[in-house]
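Letter by letter, the chains look like this.
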Amino acid sequence: MNARLFCRMIAMAATALTPVMAPVAQAEDGYDLWLRYAPADQARKPGLAAHATAIVTAGTSPTLTIATQEVQRGIAGMTGAIPTVSATIQQGTLWLATPASAPALPIKTDGLGSEGYAIRTTMIDGKAVTLIAANSDIGLLHGAYHWLRLAQSGTSLDKLDIRSAPKIGLRLLNHWDNLNGTVERGYAGQSIWDWWRLPDWKGPRYTDYARANASIGINGTVLNNVNAKADSLTAPYIAKAAALADVFRPYGIKVYLSVKWTAPMELDGLKTADPLDPAVAAWWKAKADEIYKAIPDFGGFLVKANSEGQPGPQDYQRTHADGANMLAAAVKAHGGIVMWRAFVYAHDNPDDRAKQAYSDFKPLDGKFADNVIVQVKNGAIDFQPREPFHPLFGAMPKTPLMMEFQITKEYLGQSTHLTYLGPLFEEVLDADTYAKGKGSTVAKVIDGSLDGHKLTGIAGVANIGVDRDWSGSIFNQADWYAFGRLAWDTSLSAQDIAKEWAEMTFSPDQKVVQPIVKMMMGSREAAVDYMTPLGLTHVMDTGHHYGPGPWVSDLARPEWNPVYYHKADANGIGFDRTKTGSDAVGQYAPPVAKMWANVKTTPERDLLWFHHVPWDYRLSSGETVWDGLIHRYDNGVRYVADMQTTWASLKPYVDAERFAETQAFLTIQHREAQWWRDASIAYFQSVSKRPLPAGSAAPAHDLQWYKALEFPYAPGHN
Ligand code: GCV
């Protein structure tokens, strides 16, 4: 196309941007996340600057302004040169365009949807140009972030030909943030939502939150805890949510709210919350109208009902579908959706907890309204270090299901353990449900391709708080990052994501990146080893879930007690979920059920999840399950010691502040891994009465010592 002509046409509309200053050098406290734009090596600077000497955009939308300023900020930080904003294409232009702004765009945008983008290096009128094309300004923003990611990670920008569009529509963070500023299962300080001073004061952190999320493709945020207060639906709180929505909108991020089922009774004195009562439905309809008046692009509701003491439709002898559909009708006219959680288990249900969500929801398949999506945790219990995939994935073909991952590490060492969650997310997404034969992966269930759903989603329980580094540690930022990247593209590998994160967070120097990626990639397996090896689960101490408590057996509900999950006795260990036990395996498609029903074909990583085996049961290594358990505890602790050594070797390459924090946290992690190992062995040995294998040290203390430990002020537990 004639670029000069096009550029003349848009000259009048070229964005009038406020000048962007090179970022002031700051201490490396982690605030900048992966958007540091640290100065590049002298050798790389000229090349980088040459690819963005000028930025050409069409239009003046706030989103385009953000994209332009972000590129300016990035290039200024990395090279010291600030790209100009130009109306005409020149050598080294970064050109951001949609078919609407440039009808003769030399890239097809078909298939990119409303959020995707294409990036291509090309020549226009003899000038080298990098063209970012999309169908919307939000797509351009995502493309700009992709390009900046390449620039930061040291990738060559010379020959680019990239197309990227998300397969999953809703890519959300779920904040378990309370209105009083605390965060349930939050280990990074208080909530970043300053409810008290909203809506008048919208601090800069909200913008930085939106930038970080947009940079990895997250497009929605549920602001408040699923254990919701009705107050979040009052007019003052709707105004506060609206203020946040205004900040997030130009970044392509919508807000959603968790709702309390009995809000109509609590706020307006209705006599019931029965979903089939017309007055209740009318109340929700009026409430939805009120919210949409304040937030026209409000996303919808997230609901935890009839779960862990939360009220719900079953209190009125109605089903989850009755409840979800009533709320769905309230938001339907506005284009809103309802995310109805399947995290349910009941104190009066004696069945295996791992089976209860399936039993409740499977019969409701096909009964949900078309703007309802059922949100299912990755596993059937609760965000454990390892769980087999949830049996509902693949079992409700007529219902859109969305994934719920936990980014905050309630059960994986909380803020101080370096346990990179990328491999956990990847393992679940790649798991094969066999629902429609081989290759029916969980990823295909949630991206809608397996069953032809258009409404698709994935949520991550956020690990964000007011700590300067946002996530409680530098390495926890990688979990937020990995969640966003996999939500955008489930086919990415956890390893590649770790690599790009490390390149941006520390340095593109592979001397730094390779050891860091190696540490990260084995770290989740190490946590499994020192906490819940061989398929053990939920042996954390009560309430706060910090540290081991495999001995706990005195809590009111059976499934609150670790002994319920490991069932260790003098003869053996593990939960029999085959036909001779709870038959949870029967909830999976036949090939999967067959594999897990047979102790010999069950992968050892899931052994004790599905089988109760004698202590003398032989593992594939030839050792007994008892010896194998101990060896895994030992391996887990050893891995942390190795991470300490690796990290120490990186001292010359990492800034002092982030080096020292990580070093201190690894020391804590090593101490706690040892504690996990010793306490678990002390307890299981008291049951198995077996000697430790040769070479494994006895626990440092006796069992009573570990049992006596108490942590009344552990964070994240209200
Ligand atoms: C928000 C687990 C956590 C709870 C959490 C619950 C849920 O039980 O320990 O803190 O509550 O899951 O996901 O609803």
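Worth saying up front: this structure is predicted, and the values here are computed from it rather than measured.

### Description of the UniProt feature "domain: Glycosyl hydrolase family 67 C-terminal" (unreviewed entry) in the protein chain
The UniProt record annotates "domain: Glycosyl hydrolase family 67 C-terminal" (unreviewed entry) at residues 472-695. The span residues 472-695 is 55% helical and 2% strand by assignment, and the distance between its end C-alpha atoms comes to 36 Å.

### Details of the nonpolar core
Counting residues in hydrophobic clusters, the biggest one holds 192 residues, and the most contacted among them are Trp147, Phe248, Trp284 and Trp480. When residues in this core are grouped by element, the largest group, 10 residues, is from helix α13 (residues 474-488). Filtering out sequence-adjacent residues up to four positions away, Trp480 remains in contact with Leu33, Trp34, Leu173, Ala212, Asn213, Ile216, Ile218, Ile407, Asn463, Ile464, Trp470 and Ser471. Listed in part, the 27 residues of the second largest apolar core include Ala568, Leu608, Leu619 and Ile681.

### Notes on the environment of Leu392
Mapped onto the fold, Leu392 is located in the loop between β12 (372-377) and β13 (401-406). A residue is classified by how much of its surface remains accessible, and Leu392, at 0% relative accessible area, is buried. Sequence-wise, Leu392 and Val442 are 50 residues apart; in three dimensions their C-alpha atoms are separated by 10.0 Å. Residues within four places of Leu392 in sequence aside, it is in contact with Ala342, Ala357, Tyr358, Phe361, Lys362, Val376 and Leu401.

### A short note on the site of the ligand
Close contacts around the ligand come from 15 residues, with Glu184, Lys304, Arg341, Lys377 and Glu410 the closest. Between the ligand and Arg185 there is a distance of 2.9 Å, counted from an oxygen atom to a side-chain nitrogen or oxygen. When atoms are counted within 2 Å of each cavity's grid points, the one that captures over half of the ligand is the second largest pocket. The residue makeup of the shell around the ligand, split by class, is four nonpolar, three polar and eight charged.

Scoring rules and cut-offs
Residues numbered from 1 in each chain as written. Predicted model: local features only at pLDDT ≥ 70, side-chain atom pairs only at ≥ 80, totals over all residues. Heavy atoms only, no water. UniProt positions renumbered as here; feature names shortened; annotations may be inferred. Helix = DSSP H or I, 4+ residues; strand = E, 2+ residues; numbered from the N terminus. Core = buried A, V, L, I, M, F, W, Y, C linked by side-chain atoms within 4.5 Å. Buried < 20%, exposed > 50% of the residue type's maximum accessible area, 1.4 Å probe, protein only. Contact = heavy atoms within 4.5 Å. Near = heavy atom within 4 Å. Polar contact = N/O pair within 3.5 Å; in protein donor to acceptor, adjacent residues only side chain to side chain. 1 Å grid on protein atoms, 1.4 Å probe; cavity = no way out; pocket = protein on both sides within 12 Å on 5 of 7 lines; lining within 4 Å. Sits in = over half its atoms within 2 Å of the grid points. Nonpolar A, V, L, I, M, F, W, Y, C, P; charged D, E, K, R; others polar.

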